[in-house]
Structures are given as C-alpha cells and as structure tokens.
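A structural walkthrough
The chain contents come next:
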Amino acid sequence: MRIVTPVLFSAALFVHSARAISNVTRAGRYLYTDDGNRFYIKGIAYQEEGVVVANSNAPFSEPSTFIDPLANGTACARDLPFLQQLKVNTIRAYSVNASLNHDDCMNALSNAGIYTIIDLSLPLNGSIDRDSPAWTTNLLDLYIETIDAFAKYDNVLAYNVGNEVITSINETGIAPFIKAAARDTKAYLKSKNLDILVGYAAIDADRSWLDPLANYLSCDSDAESLDLFGLNNYEWCGNDNFASAYADIENNFAGYNIPAYFSEFGCVTQPPRLWTEVQSLFSTQMSPVWSGGLAFSYFPAESSDGEFGMVTISADGSTQFPACPQQNSSFLASTTLPPTPNDTACACVVNTLSCRFTPQTDNTTVLVGTLLDTACGLLGQNGDTCNDISGSGSSGIYGRFALCDPASKLSFVMTEFYEATNRNAQSCDFAGNATINTNAPSNTGALNSAVSTCLANTDSTFTPTEPASGGSTGGSGSGSSTKSSSSGALSHSAFLADLKTGALGTGLLLTVMLATGFWTLA
C-alpha cells in the first residue's frame, strides 16, 4: 500500500497543492480516490502507430519508431471532445519523448478529469530486450528522464515498466528484469515524493505461466512488487458472454493481491466490435476482481488479427470515424438516426389538434399508455396506421410525429379518431380525458395543412437548447385533474420528472413503440 508518511506530508502537499484532479492511491487490491470512493479505470489506448516490425509471438507488430501522443497540443485539443464523449477517465500512452513539452495535452486532460498511464519504455533500444534481457543504466536513466518530465503534472495515474515483454513460456526467465525495473522505479518515485502507481501490462497467454508471472510480479514485498497489474485481454469477441470469455480469467485472479485491470481489450476477429464486454467488465460480477480496463485503440493500429482503431486521422489532421458496421442478423441498428426532437414543432401541432388529451387524474403516466392502447385498437378497426407517431431503429424510418412526447402523441391519435368519425362529439371523450379544441381549423383538410406546416422541418438535426422554464411540449396543459380546453399535452417538465423518478411504466413505453393501426393525417 502506498501512503504519504507524516514526515513527507508537507512536501507532498506542496507538490500536489494545485491539483485539478483527485489523487488515486492503492489500498490492498483496489484503487481509491481522495474521497474514499473506489476508482475504476475507464479508458482507451491513445497512441498513433509508428513504423512496425513483425513479432511471431504476439498479434501486434513491434514498433520501431513512435509518435509522442502527448506532445501535440493541437491534436489533443482535436481529440479531447471525442474522449469526453466516450466518457473515459484514463488514457494510455505507450511511448513518450521526455525532451518535448507536454503542458498543453497534460493540462487539458487534467482539466477534463482524465488520468494518464504512461509506458516508460521506448521502441527498440529503450526497452528490455526479450532476446537478450538486461536491466541497465541506460534503461533506468531513460525511465527517470520520463518520470522527471512528467513530475509536474497531477494526472499521471501510473507508469508501466514494460508491455508484453514476456510472450511465451520460454521467456519467463525475463521476469526478474521486469521486477527490478519496478523496484527501482518505485524507489525513485518515493525519493521524489511522487505518489504514482507502477505497473506492467502482460500478454494474455496460457494460464500455466501467466498466473505464476502475475503472482511473481506482486509477491515478496511492497518495495519490489507492482502496484498495478495490467492484462491485455482479447477473449471477448463479438456478442460473447461472461461464461465463455471471462469466467476462466476471473477465477484465476479472484484472490489476486494488487489491483488488476484490462490494460487492453476489444477483439476484432468477429466484427463489428459491439463492445458488449464493457457492461460485463464493470458489472458487480467482475468489479470485485477487476478495476476496469482500457479499450484498444483510439487510433488505427494494424495487427495479424485485423485493424483496430475508433477513428482515422485525415491528411489535414482532422479526426475521422470509421464506417459504421453493416446490419446483419446479430446487429440490427440502422445508420439512419432519428431527428432532433423539436419542442416548438410539437407544441405547434398540439395547439392545432381538434381533440386533445385533458386527463382527469394525476396518474397521467399510466393513463397515457392505456389510452394509446385504446385509441390504437379503435383506429386499427378502420384499417388505418400509426406510422406518424412510431419509428424503427432497424428500418431507419421515423414517423413525422414520433419525436414528440407520449402525451402529445396521445392528443394526435385522439384527433385522428375524432376526424375519422367525422368529428362525432362522442369520439372526443375517452372516458372524460379528452376535450374538443374549439380553436382548431374548421375542417380536416385545413387541419392537415396546419399540421404539415408545423412539422415542415422536423426531419433534421440541430443543436438543442434548454427548454423554457415550466414550458410544455404541447401548450399549457400540466396533467392536473382539472379539465382544460387550452391544451392536451402534459407539461415538458412534468414528463421529465416522471422519467427521472421512473414513474413512466414499461407498459406506456411498449405501447408507444408497438401500437399499430392508427389513421394517418394526410
């Protein structure tokens, strides 16, 4: 366990007094932030691939050159919004140049709450050579130079002393050199009052030697052991499951004594990458053993198994995302997304409707589902459809009123039935929960025209704005027990409150998604 002793407290406080990000330390087999909460690595590998040479024992080729990802402030500024969209809290850099300036990237990441795991080794002569292993002065000096270069930043979570140095059983004799590197790196960090973890990233391999290696690197004493063990694990491919992909490794590390995480994950052998392993990795089933993981990779990376990467970088330096996966029997999503919901358009429509929802009960969320089901059945009897209020993420087809809230949709359907029965007053009652709008257009043709005008530009996307305080997606109706002729929609704020509290039942949502047989306004 790494702690700051009372003697060193004042010095450590001075070093970290301007922290923009919480400090993370180890206690036993878990990581914790300063406030005592468990910390999980939710990250991504962040390193552009340099020139590579083949390695027969590993899926990835060995780099012979590198591009420092933390020395290009412009690139970091370009990528930071995407990293934030991914909601990562950690990035891993595999090779950095200690002689360059990293202020822009490191400070921007810190301000965004993103930690870094930095590998101290460099390609070729800057790492432990598996063919002729040694822990030498030039390597130690290289590691120290990198530590010194990053000592001023508050968001270095860990330093890795190696990555997949050992790739087969006959190379396990290299382990002492790795452990020596960890020992000396930890000693140097302690001498500088730097409370930073020391780790190693191992290749996932036969358990007969992987398990002893993990135990070897975390055994004996704190001074010589790792603080953090990383496993580059690619066992979960496609739409796999815990039992077949992770149960074995989970069992092997169940009693491990230091924090362990997936230093790489994201199989590419069964495209598209669905990332369903993320839910499992951060589940209550795995979190007692694992402290998160890092998806591989943000940048494109070639391997014998296929191409990794979540973005591509164009010639002008801008970020480009790869093509979306094609639909198939196991991945049903269309690449056509629903338009941006438009409060103004929805309110415009509801204000023109001839029959509007005016509930007689405060339990409006349940009532909406019931009444939609009733109206659906009535309209279905006429052979009409509900295309205007429904949408399909598989077909990529979304009804023109599908973007509005359920209460507004109900008013829309009530109007459809009212108009289908030639405005029979009894058709706008729905057990006292509907009211005729005397200000509606005088006939069906005029009503259709008004609705079409309101929805003329709703098939687009735009930057949403904050809803007006106390506003409504469909006018001034609030869902109270008082019958009102001014509006038939629940207030926007009331509906959102129901969403947050879970008051919207699955019955309502399923009804909205599955109901069929609504008459369509022309």
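For the structure, see preceding data.
Bear in mind that the values here come from a model prediction, so they are computed numbers and not experimental data.

Brief notes about the packing of aromatic side chains
Overall, the coordinates contain 19 aromatic pairs when judged by the stated rule. Each ring, one from Phe-150 and one from Tyr-153, has its centre 5.7 Å from the other, and the planes form 65 degrees; the classification is edge-to-face. We note that Phe-150, like Tyr-153, is buried. Between Phe-253 and Tyr-256, the ring centres sit 5.2 Å apart and the planes meet at 75 degrees, which makes this aromatic pair edge-to-face. Neither Phe-253 nor Tyr-256 differs from the other in exposure class; each is buried. What links up through ring pairs into an aromatic cluster is the set Phe-229, Trp-236, Tyr-246, Phe-253, Tyr-256, Phe-262 and Trp-290. A cation over an aromatic ring shows up here: Lys-42 above the ring of Phe-282, its NZ or CZ 5.9 Å from the ring centre.

Focus: the packing of helix H11 (residues 364-380) against helix H12 (residues 406-420)
One can describe the packing of H11 onto H12 by two numbers: an axis separation of 10 Å at closest approach and a directional angle of 30 degrees. Taken together, the axes of H11 and H12 lie roughly parallel to each other. Between H11 and H12 lies a crossing of left-handed hand. On H12, the residues that touch Val-368, Leu-371, Leu-372, Ala-375, Leu-378 and Leu-379 of H11 are Pro-406, Ala-407, Lys-409, Leu-410, Val-413, Met-414, Glu-416 and Phe-417.

Brief notes about the side chain of Asp-68
Counting through the fold element by element, Asp-68 comes out in the loop between strand S5 (62-63) and helix H2 (73-85). For the buried Asp-68, no salt bridge is present, and the opposite-charge side chain at shortest range is Arg-78, 12 Å distant. A distance of 2.7 Å separates polar atoms of two side chains, one belonging to Asp-68 and the other to His-102. Residue contacts for Asp-68: discarding those within four places in its chain leaves Ser-95, Val-96, Asn-97, Leu-100 and His-102.

Reading the values: rules and limits
- Residues numbered from 1 in each chain as written.
- Predicted model: local features only at pLDDT ≥ 70, side-chain atom pairs only at ≥ 80, totals over all residues.
- Heavy atoms only, no water.
- Phe/Tyr/Trp six-rings, centres within 6.5 Å; stacked < 30°, edge-to-face > 60°.
- Buried < 20%, exposed > 50% of the residue type's maximum accessible area, 1.4 Å probe, protein only.
- Lys NZ or Arg CZ within 6 Å of the ring centre and 35° of its normal.
- Axes fitted to C-alpha atoms, helices over the stretch in contact; angles between N-to-C directions.
- Helix = DSSP H or I, 4+ residues; strand = E, 2+ residues; numbered from the N terminus.
- Parallel < 35°, antiparallel > 145°, perpendicular 65-115°, else oblique.
- Left-handed = near helix turned anticlockwise from the far one by under 90°.
- Contact = heavy atoms within 4.5 Å.
- Lys, Arg positive; Asp, Glu negative; His and termini not counted.
- Salt bridge = Lys/Arg side-chain N within 4 Å of Asp/Glu carboxyl O.
- Polar contact = N/O pair within 3.5 Å; in protein donor to acceptor, adjacent residues only side chain to side chain.

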